[in-house]
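# An overview of the molecular structure
Residue-level listing of the chains:
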Amino acid sequence: MTSSVASSSARSSSARSSSQAAAPSSGPALDALRASFAPVPGYLNAATLGLPPAPVVAALRGALDDWQAGRSDAAAFDEDVRRARTAYARIAGVAASDVAVGSQASVLVGTVASSLPDGAEVLTVHGDFASVVFPFLVHADRGVTVRQVPLEALASEVRPGTSVVAYSLVQSADGRVADAAAVREAARAVGARTVCDATQAAGWLPLDAGADDVTVCSAYKWLCSPRGTAFLTVRPGAREWLRPTSAGWYAGQDVWSSTYGPNMTLASDARRFDVSPAWHAWVGTAVALELLAAVGTEEIRAWDVALADGLRARLGLAPAGSAIVSLPDPDGALRRALGVAGCAVAGRAGMVRMSFHVWNDEADVDRAADALRAAGRG
């Protein structure tokens, strides 16, 4: 054995011990949730597409069977939306009356962008996900300017004249977690509003959605829901300036009496920002969110982060406190090696991204660590 190989082996042994020392633990509720997922060894891709628990799949199949047999009742889907709204409110830490439903994060951010006055300045994070930035950029023709700064400088770059600070709580490309408290404090000091995208956070990172003026979240990642469901939270004070640009019959005070014009009476709470739901997707979302809300996000975070930081330890990296591990991978070699080893991962912004959630375990850490070491990383 050469000295370099011996040194690498020693580092690997030390890192493995560190990983084992930080092994995740779980209680009965989390154990039950974990048992509801079909085993998918090596699936490290929650940040791209979450997996559905078995009850979610069963509920969707039942709804599709009812549709095929002509048994579906349009109004009955309202109960699925209500259940999903209530469960998400628990996860987000807000009242259900502060939650609106939608389809995609970009549509909901677009509601904010369309509510800004001409000439407004928007502060965003350089390299943030496009759905947080593009909805503002398209308003350049009316003088809306978008200033993009590094995540670490976001709070310090808020200045008088800034109208909105828009940011992802967890960065999609690399899993960095924003200092949300500092951002909110800086924004309030100059009278700016905050818009937070919780898509890469909700489901594993505890939320305080009511601390931001507006938050948005797509549910198909860490919330293990079908694609096509999303949430908007709106602080009561924000309802005064936020314009319900997607208002339709589902935003009415009495939904089923609002299906025809010419008169309009919108809901008095955040439902006025509702977008007509894609019914079958909400059947699965209601079940998924109730399962997750029953466990509690703190316990889920502890599990997810222990696995992610366990992999970081195996690679000789310091803990990051995120469920996402991203490594430089400019030529895609690491991603290919992980794929050969049976790991489902993502390539983002010149990096390979691995994301750990409740269906993962230490065997997944071992699989990824062995593949990365074989590819010369760690």
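Residues numbered from 1 in each chain as written. Predicted model: local features only at pLDDT ≥ 70, side-chain atom pairs only at ≥ 80, totals over all residues. Heavy atoms only, no water.

## Considering the environment of Pro24
How we decide: A run of DSSP states H or I qualifies as a helix once it reaches four residues; a run of E qualifies as a strand once it reaches two. Both are numbered from the N-terminal end. Summary of the burial criterion: residues with accessible area below 20% of their type's maximum are buried, those above 50% are exposed, and those between are partly exposed, where the area comes from a 1.4 Å probe applied to protein chains only. Only heavy atoms enter the contact rule, under which two residues are in contact if any of them lie within 4.5 Å.
The residue Pro24 is located in the loop between α1 (3-21) and α2 (28-35) in this model. By relative accessible area, Pro24 is classed as buried at 17%. Apart from residues lying up to four places away in sequence, Pro24 is in contact with Trp303, Ala306, Leu307 and Glu362.

## Focus on the packing of aromatic side chains
What characterises a pair of aromatic rings is the spacing of the ring centres plus the angle enclosed by the ring planes. Convention followed: For Phe, Tyr and Trp, where Trp contributes only its six-membered ring, two rings pair if their centres lie within 6.5 Å, and the inter-plane angle classes them as stacked under 30 degrees, edge-to-face over 60, or tilted in between. Put simply, a charge is over a ring when the Lys NZ or the Arg CZ is close to the ring centre, within 6 Å, and near the line of the ring normal, within 35 degrees.
For the structure shown, the criterion picks out eight aromatic pairs. Here the aromatic rings of Trp204 and Trp222 are separated by 6.0 Å at their centres, their planes lie at 50°, and the arrangement is tilted. Here Trp204, found in the loop between β5 (193-197) and β6 (214-218), pairs with Trp222, found in the loop between β6 and β7 (230-234); they are 18 residues apart in sequence, far enough to count as distant. Of the two residues examined, Trp204 and Trp222, each falls in the buried class. Seen in terms of ring centroids, Trp249 and Tyr250 are 5.2 Å apart; in terms of plane orientation they differ by 90°. Their pairing is edge-to-face. Under the relative-accessibility criterion, Trp249 is labelled partly exposed at 24%. A residue is classified by how much of its surface remains accessible, and Tyr250, at 4% relative accessible area, is buried. In this structure, Arg227 is placed above the aromatic ring of Tyr220, and the distance from its NZ or CZ to the ring centre is 4.5 Å.

## Quick word on the pairing of β6
Stated precisely, the cut-off is as follows: At least two DSSP bridges between two strands are required for those strands to pair.
Of all five residues making up β6, five are buried, and the element is well covered by its neighbours. Of the two faces of β6, the one holding Val214, Val216 and Ser218 and the one holding Thr215 and Cys217 are both buried throughout. Two strands pair when backbone bridges link them, and β6 and β7 are joined in this way by five bridges, in the antiparallel orientation. Note that in β7 the partner of Ser218 across the bridge is Ala230.

## With respect to the environment of Trp204
Here is the rule we go by: Any N or O atom pair separated by 3.5 Å or less is treated as a polar contact, with the protein-specific requirement of one donor-capable and one acceptor-capable atom, and with residues adjacent in sequence counted only for side-chain atom pairs.
In this structure Trp204 comes out as buried when scored by relative accessible area, which is 0%. With 89 residues separating them along the chain, Trp204 and Ser115 place their C-alpha atoms 31 Å apart. There is a polar contact of 2.8 Å between the side chain of Trp204 and the backbone oxygen of Gln200.

## Remarks on the packing of α2 against helix α8 (residues 279-295)
Stated precisely, the cut-off is as follows: Orientation is described by lines fitted to C-alpha atoms, with helices fitted over the stretch in contact, and by angles between N-to-C directions that extend from 0 to 180 degrees. Each angle receives one of four descriptions, namely roughly parallel if under 35 degrees, roughly antiparallel if over 145, roughly perpendicular if within 65 to 115, and oblique otherwise. With the far helix as reference, a near helix turned anticlockwise by less than a right angle produces a left-handed crossing, and one turned clockwise produces a right-handed crossing.
It is at 8 Å that the axes of α2 and α8 come closest, and there the two elements cross at 155°. In terms of orientation, α2 lies roughly antiparallel with respect to α8. Crossing geometry of α2 relative to α8 is assigned as left-handed. Contacts between α2 and α8 involve Ala29, Leu30 and Leu33 from the first element and Leu291, Leu292, Ala294 and Val295 from the second.

## Details of the packing of α2 against helix α9 (residues 297-314)
Note the following rule: Lys, Arg, Asp and Glu make up the charged group, whereas Ala, Val, Leu, Ile, Met, Phe, Trp, Tyr, Cys and Pro make up the nonpolar group; the residues left over, Gly among them, are polar.
Axis separation between α2 and α9 bottoms out at 10 Å; the angle between their running directions is 65°. The pairing of α2 with α9 is recorded here as roughly perpendicular in orientation. Here α2 runs over α9; the crossing is right-handed. Across from Leu30, Leu33 and Arg34 in α2, the residues of α9 making contact are Glu299, Ile300 and Trp303. Here the contact of α2 with α9 is composed, by residue class, of four nonpolar, no polar and two charged.

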